[in-house]
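If you want the building blocks of each chain, they are given just below.
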Amino acid sequence: MHHLNDDEYPADVVRFWSDQIPSGSAIFISHFRSGRNAETEAVEAKLQATFGRGRWRTDEEIAALFGDLEILEPGVVPVSQWRPEPVEGPTALRELTVWEQLIVAGLAQKP
């Protein structure tokens, strides 16, 4: 979805595919997200220059792509925090790396 610009109507793409699946099915979206800090903005600019297209979105904009689908727990979160395995020791509580902050995912279910 992050390779689609707003004028390509990414929410309509999600809606089209969700219309094709039966109730109880799931839609998964992973997406580059705006990190809202200087470090992630630098990475965003570098990747944008490399790929030449696409749209980085906020968590709220990414969640909106799901439309009327029910977003399941834990919601739209960095991929490394999405249903993580329990971790003990000094690595259990750490800040995410820049790369871990840039890619989020969410899973939604069609009612």
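See above for the structure.
Let us look at the structure shown here. All of these numbers come straight from a predicted model, not from anything done at the bench.

### Section: empty space enclosed by the protein
Move 1: What the rule picks out here adds up to 1 cavity of 30 Å³ or more.
Move 2: Roughly 50 Å³ of volume is contained in the largest cavity.
Move 3: Lining the largest cavity, in full, are His2, His3, Phe32, Leu47, Gln48, Phe51, Arg53, Gly54, Arg55 and Trp56.
Move 4: For the lining of the largest cavity, the element with the highest residue contribution is helix 2 (residues 38-51), accounting for 3 residues.
Move 5: Considering only residue class, the lining of the largest cavity consists of 4 nonpolar, 4 polar and 2 charged.

### Examining the pairing of strand 4 (residues 103-109)
Move 1: With 5 of 7 residues buried, strand 4 lies mostly within the body of the structure.
Move 2: Inspection of the sheet shows strand 1 (residues 26-32) paired to strand 4 by 7 bridges, in the antiparallel sense. Residue pairing in the sheet places Phe32 in a bridge with Ile103 of strand 4.
Move 3: Pairing analysis gives 2 bridges linking strand 3 (residues 77-78) to strand 4, with the strands arranged antiparallel. Across the sheet, residue Val77 finds its bridge partner in strand 4, namely Ala105.

### Section: the packing of aromatic side chains
Move 1: What the rule picks out here adds up to 2 aromatic pairs.
Move 2: Ring centres 4.9 Å apart and planes at 85° place the aromatic pair Phe16 and Trp17 in the edge-to-face group.
Move 3: Given the relative accessible area of 43%, Phe16 is considered partly exposed.
Move 4: Aromatic side chains Phe32 and Trp56 sit 4.7 Å apart centroid to centroid with 15° between the ring planes, which places their arrangement in the stacked category. Of this pair, Phe32 sits in strand 1 while Trp56 is found in the loop between helix 2 and helix 3 (59-65), placing the two residues 24 residues apart along the sequence. We note that Phe32, like Trp56, is buried.

Parameters at a glance
- Residues numbered from 1 in each chain as written.
- Predicted model: local features only at pLDDT ≥ 70, side-chain atom pairs only at ≥ 80, totals over all residues.
- Heavy atoms only, no water.
- 1 Å grid on protein atoms, 1.4 Å probe; cavity = no way out; pocket = protein on both sides within 12 Å on 5 of 7 lines; lining within 4 Å.
- Points joined across faces, edges and corners; volume = space filled by probe spheres on them.
- Helix = DSSP H or I, 4+ residues; strand = E, 2+ residues; numbered from the N terminus.
- Nonpolar A, V, L, I, M, F, W, Y, C, P; charged D, E, K, R; others polar.
- Buried < 20%, exposed > 50% of the residue type's maximum accessible area, 1.4 Å probe, protein only.
- Pairing = 2+ DSSP bridges.
- Phe/Tyr/Trp six-rings, centres within 6.5 Å; stacked < 30°, edge-to-face > 60°.

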